[in-house]
Amino acid sequence: QANYYLYGFISLLLFRLCHFVIVNNFNHKSTVENKQISLKSALFSMLSHPEKKDLLIVGLAIFLNHILASPFDYLSLMYNSPLVTEIIVKSSPIFLVFLSAKFLKEKITFKKVLGTVMTITGVATALFMLKSTSAVTILGTVLAFISCVSYASLDIVKKETRKRQIDAPTIACWGYLTSFPIML
């Protein structure tokens with residue numbers, strides 16, 4: 001788990017560094033108000049800061065993804081087979097339909113209802129078939145279910161960040177940066 005966060009943070013930091021270099025034509029001789037740009041200020045400016053009004057939504061996205069959903073997903077793997085865990089976790093669109101209707105006031109169309117029913121049927125059938133192989137435990141299922149609902153909630157928050165024009169690399173960089181110590 002910790003390696004995943006470290007590699008994710010490093011790759012996003014490299015992405016931001018390349019973006020910073022390309023956008024700002026950064027070189028070591030650049031000056032701003034006759035002062036040389038330090039590497040520290042360059043790295044700090046790459047991690048773009050959300051505005052104060054957006055801190056709550058960015059914090060919520062970080063909490064749902066890096067503190068709640070991912071760890072519960074990995075914990076579930078300790079008690080269930082990877083197949084069972086992923087079937088449950090990847091069924092988050094079921095909850096997304098209802099959460100979108102409640103929080104974003106989206107309409108529940110016939111197509112969404114049909115898709116939800118088909119998904120529930122498929123998940124129930126797969127879990128019923130796998131239950132006889134003892135690859136399913138109650139604790140593992142609960143942990144996967146918490147992860148599933150967290151991912152669905154995260155998708156709602158992501159829709160809000162797109163409305164507020166907060167870029168995904170900013171959320172991911174801050175997410176990895178703040179959650180890496182917790183994951184150790």
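About the thresholds
Counting restarts for each chain: residues are numbered from 1 in the order of the written sequence. Residue-level local features of this predicted model are given only where pLDDT is at least 70; pairs of side-chain atoms are given and counted only at 80 or more, and the full residue set underlies all totals for whole chains, interfaces and linings. With hydrogens and water set aside, each side-chain value is computed from the structure's full complement of heavy atoms. Per-residue confidence from the predictor is reported as pLDDT, a score between 0 and 100. We count a stretch as a helix when DSSP gives it H or I for four or more residues in a row; a strand needs E for two or more, and each element gets its number in order from the N terminus. For this analysis, residues touch if any pair of their heavy atoms sits within 4.5 Å. In this scheme Phe, Tyr and Trp rings, the latter by its six-membered ring, pair at centre separations within 6.5 Å, and the angle between planes marks the pair as stacked below 30 degrees, edge-to-face above 60, and tilted otherwise. Exposure is judged per residue with a 1.4 Å probe applied to protein chains only, and the accessible area is read against the type maximum: over 50% gives exposed, under 20% gives buried, and values in between give partly exposed. By definition, being over a ring means that NZ of Lys or CZ of Arg is both within 6 Å of the ring centre and within 35 degrees of the ring normal. A helix is expected to span 1.5 Å for every residue after the first. The term salt bridge refers to a side-chain nitrogen of Lys or Arg lying within 4 Å of a carboxyl oxygen of Asp or Glu. For helices, the fitted axis covers only the stretch in contact; all axes are lines through C-alpha atoms, and the angles between them, taken along N-to-C directions, range from 0 to 180 degrees. Handedness of a crossing follows from how the near helix is turned relative to the far one, being left-handed for an anticlockwise turn of less than a right angle and right-handed for a clockwise one. Under this grouping Gly is polar, as are all residues other than the nonpolar Ala, Val, Leu, Ile, Met, Phe, Trp, Tyr, Cys and Pro and the charged Asp, Glu, Lys and Arg.

Draft legend 1. Region of interest: the confidence of the model for the protein chain. Overall, the predicted model of the protein chain reaches an average pLDDT of 77, with 72% of residues at or above 70. Per-element confidence in the protein chain ranges from a low mean pLDDT of 46 for strand S2 (residues 35–36) to a high of 91 for helix H5 (residues 92–103). Segment residues 26–36 is flagged for pLDDT under 50; beyond a separation of four residues in sequence, or across chains, it makes 11 contacts in the model.

Draft legend 2. Structural context of the packing of aromatic side chains. The final tally for this structure, using the stated rule, is one aromatic pair. Ring geometry for Phe95 versus Phe145: centroids 5.3 Å apart, planes at 75 degrees, classification edge-to-face. Of this pair, Phe95 sits in helix H5 while Phe145 sits in helix H7 (residues 138–163); the two residues are 50 residues apart in sequence, bridging distant segments of the chain. Phe95 sits in the partly exposed class, given a relative accessible area of 24%. On the basis of relative accessibility, which here comes to 41%, the residue Phe145 falls in the partly exposed class. We note Lys102 situated over the ring of Phe103; from NZ or CZ to the ring centre the distance is 5.9 Å.

Draft legend 3. Region of interest: H7. Counted at 1.5 Å a residue, the expected span for H7 with its 26 residues is 38 Å, and the 38 Å between its end C-alpha atoms agrees. Downstream of H7 by a residue or two, Gln165 has a phi angle that is positive, lying close to 60 degrees.

Draft legend 4. Quick look at unusual backbone geometry. Backbone geometry places Lys105, a non-glycine residue, at a positive phi of 60 degrees. Within the secondary structure layout, Lys105 lies in the loop between H5 and helix H6 (110–131).

Draft legend 5. Just the environment of Thr178, in detail. Along the chain, Thr178 turns up in helix H8 (residues 168–183). Under the relative-accessibility criterion, Thr178 is labelled partly exposed at 39%.

Draft legend 6. Spatial organisation of the pattern of salt bridges. Within this structure, the stated rule accounts for three salt bridges. Glu86 is the partner of Lys90 in a salt bridge, and the nearest nitrogen-oxygen pair spans 3.5 Å. A salt bridge links Glu106 to Lys112, with the shortest nitrogen-to-oxygen separation between them at 3.5 Å. Among the residues examined, Glu106 registers a relative accessible area of 28% and is labelled partly exposed. Owing to a relative accessible area of 30%, Lys112 belongs among the partly exposed residues under this scheme. The structure contains a network of salt bridges with shared partners spanning Glu106, Lys112 and Lys159.

Draft legend 7. Quick look at the environment of His66. Considering the arrangement of structural elements, one finds His66 in helix H3 (residues 55–79). Note on His66: relative accessible area 4%, which makes it buried. Separated by 110 residues in the primary sequence, His66 and Tyr176 have C-alpha atoms spaced 7.3 Å apart.

Draft legend 8. Focus on the packing of helix H4 (residues 82–89) against H7. It is at 8 Å that the axes of H4 and H7 come closest, and there the two elements cross at 35 degrees. The handedness of the crossing between H4 and H7 is right-handed. Between H4 and H7, the contacting residues are Thr85, Ile88 and Val89 on the first element and Thr141, Ala144, Phe145, Ser147, Cys148 and Tyr151 on the second. Considering only residue class, the contact of H4 with H7 consists of six nonpolar, three polar and no charged.

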